[in-house]
Amino acid sequence: MQSGLGPALTCFSAPGTSGLRHVDVAVVERGTREILTATVPTYLASGLFWSRDRTSSGQRLLVGRSLGDVVQARNEPTTLDEDFVRAFVRFRPSPRSTPYHEVCRLPPGVTARWQHPDGEPEISVWSGPDVWPGEPDLEGPGVLDAYQEAFDDAVRDLCYGETPLAALMSGGLDSTYLVASLAQVASAVRPVHAFTHAPHPDARLARIGNLDPDESMIASAMQRMYQDRVRVITVINEDLVNPLSAARQIAERCWFPAVNPENEVWISQIEQRSVELGAEQLFSGEQGNYAFSYEPRDAVAHYLAHGDLRAVARLFPRETAQGMTVGAVAYRRYAHPSELILRRGVGRTLAALHLRSRRRDPHLQLLGVPDEEVPNRQERLSGRAAYLRALADCDTSLSAILSPAGRLLPMVDPFRSPQVMRIAASLTSLEWSRGPAPRGFARRLGDGRVPDEIRLRTRSGGQACDTWFAIRHSREEYLDAVAALVGTPILGSWVDSEGISRRVEAWPWGQIKGPDDEELFSIHLILTLADFVRMTARRLQLLPAAAAVPPLRPDR
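What counts and what doesn't
- Residues numbered from 1 in each chain as written.
- Predicted model: local features only at pLDDT ≥ 70, side-chain atom pairs only at ≥ 80, totals over all residues.
- Heavy atoms only, no water.
- Helix = DSSP H or I, 4+ residues; strand = E, 2+ residues; numbered from the N terminus.
- Buried < 20%, exposed > 50% of the residue type's maximum accessible area, 1.4 Å probe, protein only.
- Contact = heavy atoms within 4.5 Å.
- Areas by Shrake-Rupley, 256 points an atom, 1.4 Å probe, with all protein chains shown as cover.
- Phe/Tyr/Trp six-rings, centres within 6.5 Å; stacked < 30°, edge-to-face > 60°.
- Core = buried A, V, L, I, M, F, W, Y, C linked by side-chain atoms within 4.5 Å.
- Polar contact = N/O pair within 3.5 Å; in protein donor to acceptor, adjacent residues only side chain to side chain.
- Arc of directions from axis to C-beta.
- Salt bridge = Lys/Arg side-chain N within 4 Å of Asp/Glu carboxyl O.
- Axes fitted to C-alpha atoms, helices over the stretch in contact; angles between N-to-C directions.
- Parallel < 35°, antiparallel > 145°, perpendicular 65-115°, else oblique.
- Left-handed = near helix turned anticlockwise from the far one by under 90°.
- Nonpolar A, V, L, I, M, F, W, Y, C, P; charged D, E, K, R; others polar.
- Expected span 1.5 Å × (residues − 1).

Q: Residue-level account of the overall build of the protein chain, with values.
A: Broken down by element type, the protein chain carries 23 helices and 16 strands. Of all 556 residues assigned to the protein chain, the portion counted as buried reaches 56%. Sequence-distant contacts, at least 24 apart, represent 73% of the contacts inside the protein chain between residues at least 6 apart. For the protein chain, the computed accessible surface area is about 23,100 Å², with 50% contributed by carbon and sulfur atoms.

Written out as structure tokens, the structure reads:
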């Protein structure tokens, strides 16, 4: 939607989001020099997008929530950014980049000021590492109350109106705490519809080590606790939707490649069910890993330095530590804390991909990605600096996939609210670690709010564990997708297409047990990224002249 804010600025916003008070773009004009200000709210994880192009009267500045709208509104053509595409494979695209050369991103928590449309914006940060405490200093008996009050305030602020409440929920700590907090403002007339994913029953998935492929029975404890205020709804990929199809659908709407193709299958289904309920937004606890259930690595070092092995042992579940010394567990888990690149996607990602300083990343090695640009250990942040950047989600632009214009419903996450993140940034390592471990802080906060069978659980859950079952009869489709990879711009001559083809051909097609999960995840990522590149290259060539684009409805 286009706003009439003068010839120098065209501002876009997403259809259907007029009621979202926290995703508005604030634009003001001051004096004769015309200073334009766009504020990016923290609830809008995707940030904002901006570009400029030439008109008959000079430069024009475009700012908006929708990446696609900004791309299509340009008078001049744009092209795919090769550096972005290659960085995407490593989950490291610059936080201010997009897949398009002439279109930039404003990450959450900043204000951008343009002195003139053809100048660069002045960026000031109002939520993030630059304004959070340099050293954490918050601990003591009042911490739990302060956090809970800030979180409940954020939830109440988002639960305006009378439309149905819908949320993503697994059997983990973050999403159940979110749903329990929503239940505090819900009622029998307006309950929380908590959607949880379960694998297809015919996939015959069982517990694997410490992993529970099916958390739906665990999640149902929320409904027993909250009775008519929480309705747990289990979602299963009964139609055996292929991740390649789900990824293409979201990429078409977002103008951005799917970050986690496998999870998009069930997330899209939940979005559709929420729309049918009449919900206007979908709650997600994605950022809870850093803002709620964080496990501070420096707490281990602190306890080991003081010889408190009992405290170290409390940081690990018994199942993990069994048969190993406490020191061995601590080293294995925390020796390289900065090497967890990303656990991205809406909800929880199936596989965590690692870069090790002493060996090549198996994900990149599998794809045949060259070694250049792979950061070494000295170039990576660690400790508190790494945590604060992860908390602010300011190291990549991957959250652009959450753009409300590209989803069926805008996704909102109270864990991203400024007040909640600031408290999280202020907590000391010892405060994070107190209580039942691991993730003691989250377990203490959930006491009385989340059922103990969830709150004290130490097993992990997984989503999309039935991916292979859904695609095991799609051999020809996958071989065609691999064959198309060879001629894909940017990627075709960069990744090991022949090696990927050999791996896909060797998969146990038609059988119940499939290939390694990380291999499946990596190949899905590259195939869907290649499809995005081909699709987007065609779209950019076919874009009509700006004058031919139908006028957009004026913003409010």
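Q: Account for the packing of aromatic side chains, with residues named and values stated.
A: Summed over all chains, the structure comprises 22 aromatic pairs. Note on Y147 and F441: the rings are 5.4 Å apart at their centroids and 80° apart in plane angle, and the pair reads as edge-to-face. Of this pair, Y147 sits in helix 3 (residues 143-158) while F441 sits in helix 18 (residues 440-445), placing them 294 residues apart in sequence. Plain terms: the ring middles of F151 and F415 are 4.7 Å apart, the flat faces sit at 45° to each other, and that makes the pair tilted. Taken together, the residues F151 in helix 3 and F415 in the loop between strand 15 (411-412) and helix 16 (418-426) connect sequence positions 264 residues apart. Summarising the burial analysis for this pair, F151 and F415 share the class buried.

Q: An account of the nonpolar core is needed here, citing residue identities and associated values.
A: In terms of nonpolar packing, the biggest core is built from 73 residues, with V89, Y100, F256, L491, I500 and V504 touching the most fellow members. Looking at which element gives the most residues to this core, the answer is helix 23 (residues 517-542), with twelve residues. Ignoring anything within four residues of it in the chain, the contact list for Y100 reads L67, V71, T78, T79, L80, D81, W255, F532, T536 and L540. Membership of the second largest hydrophobic core comes to 53 residues, among which are C159, V232, V412 and A442.

Q: A description of the side chain of D413 should follow, citing residues and the corresponding values.
A: Mapping D413 onto the fold places it in the loop between strand 15 and helix 16. Relative accessible area serves as the criterion here: at 4%, D413 is assigned to the buried category. In terms of polar contacts, D413 uses its side chain to reach the backbone amide nitrogen of Q287, at 2.8 Å. From its side chain, D413 meets the backbone nitrogen of F415 in a polar contact 2.9 Å long. Look past the residues within four positions of D413 in its chain and what remains in contact with it is Y43, S284, G285, E286 and Q287.

Q: Tell me about unusual backbone geometry, and please be specific about residues and values.
A: A positive phi is found at L240, a non-glycine position, where the angle reads about 55°. On the secondary structure map, L240 appears in the loop between strand 11 (230-235) and helix 7 (243-254). The phi torsion at W255 lies on the positive side, around 60°, for a residue other than glycine. Among the structural elements, W255 can be located in the loop between helix 7 and helix 8 (261-277).

Q: Provide a residue-level description of helix 22 (residues 497-505), including the pertinent values.
A: Among the residues of helix 22, those classed as buried are S497, G499, I500 and V504. Projected onto a plane normal to the axis of helix 22, the buried residues spread over an arc of 160° and lie on a single side. With respect to the buried face of helix 22, the exposed residues turned more than 90 degrees away are E498 and R502.

Q: So what about the pattern of salt bridges? Which residues, and what values?
A: In the structure shown here, the tally under the stated rule is 26 salt bridges. Between E286 and R416 there is a salt bridge, and its shortest N-O distance comes to 3.4 Å. Highlighted residues: E286 in the loop between strand 12 (282-283) and helix 9 (288-291) and R416 in the loop between strand 15 and helix 16, separated in sequence by 130 residues. For E431, the salt bridge is made with R444, and the minimal N-O distance between the two is 2.8 Å. On the criterion of sequence distance, the pair formed by E431 in helix 17 (residues 429-433) and R444 in helix 18 is long-range, its members being 13 residues apart. A single network of salt bridges, built from pairs that share partners, joins D212, E215, R457 and R459.

Q: Residue-level account of the environment of F256, with values.
A: Here F256 lies in the loop between helix 7 and helix 8. With relative accessibility at 1%, the residue F256 sits in the buried group. Distance from F256 to G406, taken between C-alpha atoms, is 8.8 Å for residues 150 residues apart in sequence. Setting aside residues up to four positions removed in sequence, F256 forms contacts with L67, F84, F88, P99, A251, S397, L398, A400, I401 and F532.

Q: Any chance you could break down the packing of helix 7 against helix 23 for me, citing the residues and the numbers?
A: For any two helices packed against each other, one specifies the inter-axial angle together with the distance between the axes. Following both chains from N to C, one finds helix 7 and helix 23 inclined at 40°, their axes separated by 10 Å at the closest point. Between helix 7 and helix 23, the angle falls in the class oblique. The crossing of helix 7 and helix 23 is right-handed. Across the interface between the two elements, P243, L244, A247, R248, A251 and E252 of helix 7 pack against H524, L527, T528, D531, F532, M535, R538 and R539 of helix 23.

Q: Would you mind going over the packing of helix 2 (residues 82-89) against helix 23 in detail, with residue names and values included?
A: For the pair helix 2 and helix 23, the least separation of the axes is 10 Å and the interaxial angle reads 165°. Between helix 2 and helix 23, the interaxial angle falls into the category roughly antiparallel. Considering only the axes of helix 2 and helix 23, their crossing is right-handed. Residues V85, F88 and V89 of helix 2 form the contact with helix 23, whose own contacting residues are L525, I526, L529 and V533. Taken together, the residues that form the contact of helix 2 with helix 23 break down as seven nonpolar, no polar and no charged.

Q: I'd love a proper account of helix 7, names of residues and values included.
A: Side chains that are three or four residues apart share a direction in an α-helix, a result of its 3.6 residues per turn. Taking 1.5 Å per residue, twelve residues should reach 16 Å; helix 7 reaches 16 Å between its end C-alpha atoms and fits that length. Near the N-terminus of helix 7, the side chain that reaches the backbone nitrogen of L244, with its oxygen 2.9 Å away, is that of N242. Directly after helix 7, the chain includes W255, whose backbone phi takes a positive value near 60°.

Q: Report on the environment of Y100, specifying residues and quantitative values.
A: As for its position among the elements, Y100 is in the loop between helix 2 and strand 5 (103-106). The exposure class of Y100 is buried, given its relative accessible area of 1%. Taking the C-alpha atoms as reference, Y100 lies 9.9 Å from S51; in sequence the two are 49 residues apart. Looking at Y100, its side chain comes within polar contact range of the main-chain oxygen of W255, at 2.8 Å.

Q: Can you lay out the environment of S124 for me, pointing to particular residues and giving the numbers?
A: Within the secondary structure, S124 is located in strand 7 (residues 122-125). Given a relative accessible area of 30%, S124 falls into the partly exposed group. Expressed as a C-alpha distance, the spacing of S124 and R113, which sit eleven residues apart in the sequence, is 8.4 Å. Residue contacts for S124: discarding those within four places in its chain leaves G109, V110, T111 and R113.

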